[in-house]
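# Tertiary structure, described
These are the residues of each chain, in order.
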Amino acid sequence: MNKGKLNYWIDFGLLISFLIVTLTGIIKFRGLGLYSVLGFSGISTWHDWSGIVMAVLVLVHLVLHWNWIVCETKNIFSKKEVCEEET
C-alpha cells in the first residue's frame, strides 16, 4: 500500500472514531439529559473503545508524519528554510 492510501485510511479511521467519540460524548453528557431519555445501553463502551482507537490512530499518524513535523518545527524556529516540503 502506498503512503497516500495509508494516510487516507488512517485519516478516515480518525474521522469515524472522532464522530463516534463526539456523538457518544454528547449523549453521555449529563447536562443535556439525553442519556436518560434515549436509554442507550453500551454507550460508554462505544465511547471508551472509539477513544482508544482514535488515540492509537493519532499515534500512528504522528509516527508517519514525524519527519514532516520535525522539518516544519525547524523551519518555524530558523531564519532560513531548513527543509523542503514533503511530497
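Calculation rules
- Residues numbered from 1 in each chain as written.
- Predicted model: local features only at pLDDT ≥ 70, side-chain atom pairs only at ≥ 80, totals over all residues.
- Heavy atoms only, no water.
- Helix = DSSP H or I, 4+ residues; strand = E, 2+ residues; numbered from the N terminus.
- Buried < 20%, exposed > 50% of the residue type's maximum accessible area, 1.4 Å probe, protein only.
- Contact = heavy atoms within 4.5 Å.
- Areas by Shrake-Rupley, 256 points an atom, 1.4 Å probe, with all protein chains shown as cover.
- Phe/Tyr/Trp six-rings, centres within 6.5 Å; stacked < 30°, edge-to-face > 60°.
- Expected span 1.5 Å × (residues − 1).
- Arc of directions from axis to C-beta.
- Patch = residues over 30% accessible without salt bridge, like charges linked within 9 Å, V, L, I, M, F, W, Y side chains within 5 Å.
- Salt bridge = Lys/Arg side-chain N within 4 Å of Asp/Glu carboxyl O.

The number of helices and strands found in the protein chain is four helices and zero strands. Secondary structure elements of the protein chain, listed N to C terminal, follow the sequence α-α-α-α. Classification of the 87 residues of the protein chain by burial places 17% in the buried group. Put simply, of all contacts in the protein chain between residues at least 6 apart along the chain, 50% involve residues at least 24 apart. When the accessible surface of the protein chain is summed, it comes to about 7,000 Å², and 69% of that surface belongs to carbon and sulfur atoms.

A word on the packing of aromatic side chains. Per the counting criterion, the structure on display carries three aromatic pairs. A centroid spacing of 5.1 Å and a plane angle of 85 degrees characterise the contact between Tyr 8 and Trp 9, whose relative ring orientation is edge-to-face. In this structure Tyr 8 comes out as partly exposed when scored by relative accessible area, which is 47%. Taking 5.8 Å as the distance between ring centres and 85 degrees as the angle between the ring planes, the aromatic pair formed by Trp 9 and Phe 12 counts as edge-to-face. Separated by three residues within a single helix, Trp 9 and Phe 12 lie in helix H1 (residues 3–28), roughly one turn from each other. An aromatic cluster of three or more residues is present, and its members are Tyr 8, Trp 9 and Phe 12.

On to helix H3 (residues 43–64), then. Its 22 residues give H3 an end-to-end C-alpha distance of 31 Å, which sits within 8% of 32 Å, the value for a rise of 1.5 Å per residue. Along H3, the residues classified as buried are Ile 43, Ser 50 and Leu 57. Buried residues of H3 fall within an arc of 65 degrees about the axis and therefore sit on the same side. The outward face of H3, more than 90 degrees from its buried face, is lined by the exposed residues Trp 49, Leu 59 and Val 63.

As a further point, take a nonpolar patch on the surface. Taken together, the side chains of Met 1, Leu 6, Tyr 8, Trp 9, Phe 12, Leu 15, Ile 16, Phe 18 and Leu 19 present a nonpolar region at the surface, about 940 Å² in accessible area. In this structure, Met 1 sits in the segment before H1. Given a relative accessible area of 75%, Met 1 falls into the exposed group.

Structural measurements only, silent on function.
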